[in-house]
Each structure stands twice: as structure tokens, then as C-alpha cells.
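# Observations on chain architecture
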Amino acid sequence: MSAVSCLRSEDQFLCSICLDVFTDPVTTPCGHNFCKNCITEHWNSNDQYLCPMCNKVFNKRPELHVNTLFSEMVSQFRQEAQQKASSSSSEQQAAKPGEVPCDVCTGTKLKALKSCLVCLTSYCETHLEPHLTMSGLKRHQLMDPVENLEDRMCMKHDKPLELFCKTDQTCVCMLCSVLDHKTHDVVPLKEEYEGKKAELGKTEAEIQQMIQKRRLKIQEIKHSVDLSKEDADGEIAEGVQVFTALKESVERSQAELIETIEEKQRTAEKQAEDFIKELEQEISELKKRSSEVEKLSCSKDHLHLLQNFPSLKAAPPTKDWTEVSVRPSYEGTVVRAVAQLEEMVIKEMKKLVKAELKRVQQYAVDVTLDPDTANPWLILSDDGKQVNCSDVMKNLPNNPKRFSINPCVLGKQSFSSGRFYFEVQVKEKTKWTLGVARESINRKGKVTLSPQNGYWTIWLRNGNEYKALADPSVRLSLKSQPQKVGVFVDYEEGLVSFYDVDAAALIYSFTGCSFTKKLYTFFSPCNHDGGKNSAPLIICPVNQTE
């Protein structure tokens, strides 16, 4: 028995039908062993009685008897296997929630190491061993453990899904490939797996690149917030400084106004006091004379009255008080004080605008005119920096970008974010229009300039009439005629501001604008007007305001 034990291998004790340790092993006439129940069911389900191992056909159904000696060997092998499994299971881990359990283990289910796509069973280390040692089982396809192995079988043919149909983009079995997908492009699962894995790798790389870009964007936004905080702190500091100075100026002007008025009042009171003293002195003198007159008039002595009457003719000197007044005039005092304050505010305002203009000039962009948008009456310089209106219409193709009626032209450059600034010389012109426009504006037919129609512009008409073409338009009162106009746009802030560059003055600002599409710079030199308005609009290089 010991010799037999030495010679036996695990393959000898596994039924080739159920692939498990024999139960009631029987031997066919050709010498092969099977579980009694396995071979019986095999013959019951087939028309012929043939051996599953060697395919030998028996004319009549063989009478089968349990092989007693072999059954004892199987029993001993089973005991040894159970002991081995018991000792091995103590080292292996039980399947945890979310892990695939071994389908063969009884009692405590151990963690499966592999799943067999042929057996549709998941095995722990112990129960996997036959698949690693038996020649018949070595051919089975093993994979990392998965649940629901039946989902890996073809529902139509009950065969493993081993192929992939690229035509229908679905997994198929061998029978599917020769029946339902005969003319399709079918490849092994592994080949498609490698292709898809490479595709997923590329996708993952793209995703990681997108993630990295977004991380960089987060850093950029955080940095922008920090810069914004610095700008805000600077603006607050400057604002506090300006308004503190204004407040102090107002308080100083108020104090000076009060002091001026009170000084006038004190002067009036002193003058009144002097007048009153003088009047009281005169009254005293007059009372004395009145007493003398009264005394003389009461005299009964003719001689005495006539002798003393001449002395009454010399009346004491008195002042003519008819036009005398002590009420001072305060008219214009407050107005003059406010005018002085206004002058000071305007001076401070000019300083602020000058500083602001210097800041926005940092966002200067190089703008050139787009000839494809120019109205046929316009003449553009070769460098795209000047435009004026001709008295002769050119024959140009009427492309969708071109203004058909109004003498307008757009810049080539578009802007869909951030800030930009440019300057245009309007010297010697009696009419012009400047600003920015949305890409989607209507360029055919008569153009109506307004933010609602996609235009944010100001214009000059009749040599001195300035307007901001808002909804509704706003008449502008300018102290001087601009010779050079600066245009600043903050896309995200929704701001369009116009400046008189030489005077360092703000002309007008459109605020609260909603920009969602591309913006283009907009120019109209207006019509020739018989030569009165022949001067061109000139896009100038930006020089920092001193």
C-alpha cells in the first residue's frame, strides 16, 4: 500500500467529468475511472455508450461496480486533502465583505485567488491546486477572482465569452463567431483588451493632463485673488487717503466759512457798538440843548430871553444817520466757499483720473483695422492704423463681415476676456464715433448704435456735440474738445471707459455691461462732409501719461 501511495498523484483521484475527487469510483471496461453518478448521467444523456476519456464505444451498456481498492485509496486521499486544506485554511484569510469567496469551501469561505472561466468557479489557494497541477485542468483559463461568473458565459450557446466582435462592439463566444458574427471583424478578447487598455491609458493621461491644467488654473485663480486683494487694499488705501483729504478740506473750508461769517458779525457788532456810543453822546448833547431851550422858553423876562436867544443858534454838531447801517451782507459767502471747494475737488479728481489713466494704459494692445469689415466709402492706410471717408465709393465684395451702409470698420483683433486699452487721434474732425462692438452685430442696413444692439460707443457731431450712445443716449458736457481719445475695456467687470488723454479726464463709462461673446474695436470717421470732415481717425501708439 505504501508503494502505491508513493506512486499516486492528485490527477488520479479527480473525475474527468466533474473535475472533483471521485465519489463511488467505478471502472469502465476500457480501464478508465469515473464517479458512478457522473458516468451514469453521461450515458443517460447520450445515444451511444462511449468512454469520455478515450471515446471507445460499447455495443451495450456496461455493468458498473464500485472499485473497492480504488475507493479506499480515494477515501485516504480525501482525508489527506482535507487535513491539508484544514492546515492551509488556517494560514489563508477568510473572505471579507467585498472580496470574492471560494465557491468550493464549506463552512468558512476563504478568499478566492483565481476564477476559472471554464468551470465558472472561484477557488481559494487549496482548491485552486488541481488547476495548477493536473494536465487536463491546466488548459483552463484562469483570471483574477470575480463574482457572477455566469455573466461571462454566452446566454445563447452556454460557452465562454472569449472573443470580441468589433463590428457590433460586443463580446461573443466561439459559436457566435461562426454563426451570428460570421462576416464580422472578430478578435480575441485579449487583443481587444490590450487595445482598449492602451486607449484607456491614453484617456487616463489626457484626464491627468486636464487635472493638472485645472490645478494650475486653481493656483492661477488663487494668485489672481491675492493680486486682487493687493489691488483692493491699494485702492482702499488710496480711497481713504483721498476722502480723508477731501473730508479735511471740507472741514477746513467749513471752518474758514464760519470764521469769515463770524468775523463779519464781530466787525458788525463792534461797528454797532461805536455807532451806539456816538449816538448816545449826541443824545446827551441834544438833551442839554433841549434843557436850555426849554428853560429859556419858559422865561417871562423879555430882556433875558432876547439877550440869551442868540447863544441857542449855535447847535452842537451832529451826524446824518439816515444812510448808516450795521447789517453786513453775507450774500455769496457760502457760494464762494463751495466754489473754492469744488475747484479743489476738481483738482484732486484730475489727479485721480491721471493716475487711473496711467494704470489702464498698461493694458495697451496693438490694434489694426480689418479691411474685410470696412464700408466701401472708407479709405484705410496700408498699415491699418488710419481711416477716413472718401467721396468715391469703392467696388468691394459684399462679404458677411462688411458694413453695407454706415461708414464703419472694425479692428482685426478680438477680445473675449481680460482688459485692453487703445488710443485714437480725433484731431481736426467734426464727426466721429469710437468704442467697441460685439461680434454678432448686424452689419447690413442702417446701424443703430446702442448697448442693446451690441455697441458701446461715444460720438461727436456738429463739431461740439458729444454723446454717449447708451439706452437712452447721454449728452456729454466736456470742458475741452478731446484731441486723442483713450478706450479701456474690462471684460469680466463689464466696463467700457473713454478718456480725454491730453486733459487726463474721464469722458464717460458704461458700467454693468454683460459681455459673453467676442468684442471688437469699432471706428467710424463719419462722412466726408464736403471736405470739412476729411481728417482721418488715427490709431496711436500709447505713451504712458506722466
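Reading guide: rules and limits
- Residues numbered from 1 in each chain as written.
- Predicted model: local features only at pLDDT ≥ 70, side-chain atom pairs only at ≥ 80, totals over all residues.
- Heavy atoms only, no water.
- Axes fitted to C-alpha atoms, helices over the stretch in contact; angles between N-to-C directions.
- Helix = DSSP H or I, 4+ residues; strand = E, 2+ residues; numbered from the N terminus.
- Parallel < 35°, antiparallel > 145°, perpendicular 65-115°, else oblique.
- Left-handed = near helix turned anticlockwise from the far one by under 90°.
- Contact = heavy atoms within 4.5 Å.
- Nonpolar A, V, L, I, M, F, W, Y, C, P; charged D, E, K, R; others polar.
- Buried < 20%, exposed > 50% of the residue type's maximum accessible area, 1.4 Å probe, protein only.
- Pairing = 2+ DSSP bridges.
- pLDDT = per-residue confidence, 0-100.
- Salt bridge = Lys/Arg side-chain N within 4 Å of Asp/Glu carboxyl O.

Attention now goes to the packing of helix α7 (residues 189–297) against helix α9 (residues 333–360). Running from N to C, α7 and α9 cross one another at 165°; their axes reach a closest spacing of 10 Å. One element, α7, and the other, α9, form an angle in the roughly antiparallel class. Of the two possible hands of crossing, α7 and α9 adopt the one that is right-handed. Residues E235, E238, V242, L246, S249, V250, S253, L257, T260, I261 and K264 of α7 touch α9, and the partners they reach there are T333, V334, A337, L341, M344, V345, L352 and R359. Within the contact of α7 with α9, the residues separate by chemical class into 11 nonpolar, 4 polar and 4 charged.

What follows deals with unusual backbone geometry. Residue P472 is bonded to the preceding D471 through a cis peptide linkage, with omega at 0°. Even without a glycine there, the phi angle at N55 is positive, about 65°. One non-glycine residue with positive phi stands out, namely C526, at about 65°. One can find C526 in the loop between β22 (519–524) and β23 (537–540).

The next thing to look at is the environment of M53. Mapped onto the elements, M53 comes out in the loop between β3 (49–50) and β4 (57–58). Judged by relative accessible area, M53 falls into the partly exposed class, the value being 49%. When the C-alpha positions of M53 and R214 are compared, they lie 64 Å apart, and in sequence the two are 161 residues distant. Excluding anything up to four places from it in sequence, M53 contacts S16, H32 and F34.

Strand order across the open sheet formed by 3 strands is β9-β8-β10, with antiparallel pairing between neighbours. Pairing within the sheet leaves two strands with one partner each, and these edge strands are β9 (170–172) and β10 (186–188). With direction set aside, neighbouring strand axes in the sheet form an average angle of 35°. One ladder, built from 3 bridges, connects strand β8 (residues 163–165) with β10; its direction is antiparallel. Residue L163 lies in a different strand from β10, and its bridge partner there is P188. Across the sheet, α7 lies against β8, β9 and β10, angled at about 85° from β10, the strand it touches most.

Bringing the pairing of strand β16 (residues 455–461) into the picture now. Successive residues of a regular strand alternate their side chains across the two faces of the sheet. Across the 7 residues of β16, 6 count as buried, placing the element largely inside the fold. As judged from the 6 bridges shared by strand β15 (residues 432–438) and β16, these two strands associate in the antiparallel manner. Each bridged residue has a counterpart across the sheet, and for A437 the counterpart in β16 is Y455. In this structure, β16 lies alongside strand β17 (residues 465–468), joined through 4 bridges in antiparallel fashion. When the bridges of β17 are listed, I458 appears paired with A468. Hairpin connection, β16 to β17: the antiparallel pair is bridged by 3 residues, and N462 has positive phi, about 55°.

Before going further, it helps to spend a moment on the confidence of the model for the protein. In this model, the protein carries an average pLDDT of 87, and 95% of its residues clear a pLDDT of 70 or more. Ranking the elements of the protein by mean pLDDT puts helix α1 (residues 2–7) last with 38 and β22 first with 98. Note on residues 1–8: pLDDT is under 50 here. Beyond four places in sequence and across chains, it has 7 contacts.

Per the stated rule, a full pass over the model turns up 17 salt bridges. Between E99 and K111 there is a salt bridge, with the nearest N and O atoms lying 3.8 Å from each other. Taken together, the residues E99 in the loop between α3 (68–91) and β5 (114–116) and K111 in the loop between α3 and β5 connect sequence positions 12 residues apart. Residue D490 is joined to R419 by a salt bridge in which the shortest nitrogen-to-oxygen separation is 3.1 Å. Of this pair, D490 sits in strand β19 (residues 484–490) while R419 sits in strand β14 (residues 419–425), and the two are 71 residues apart along the sequence.

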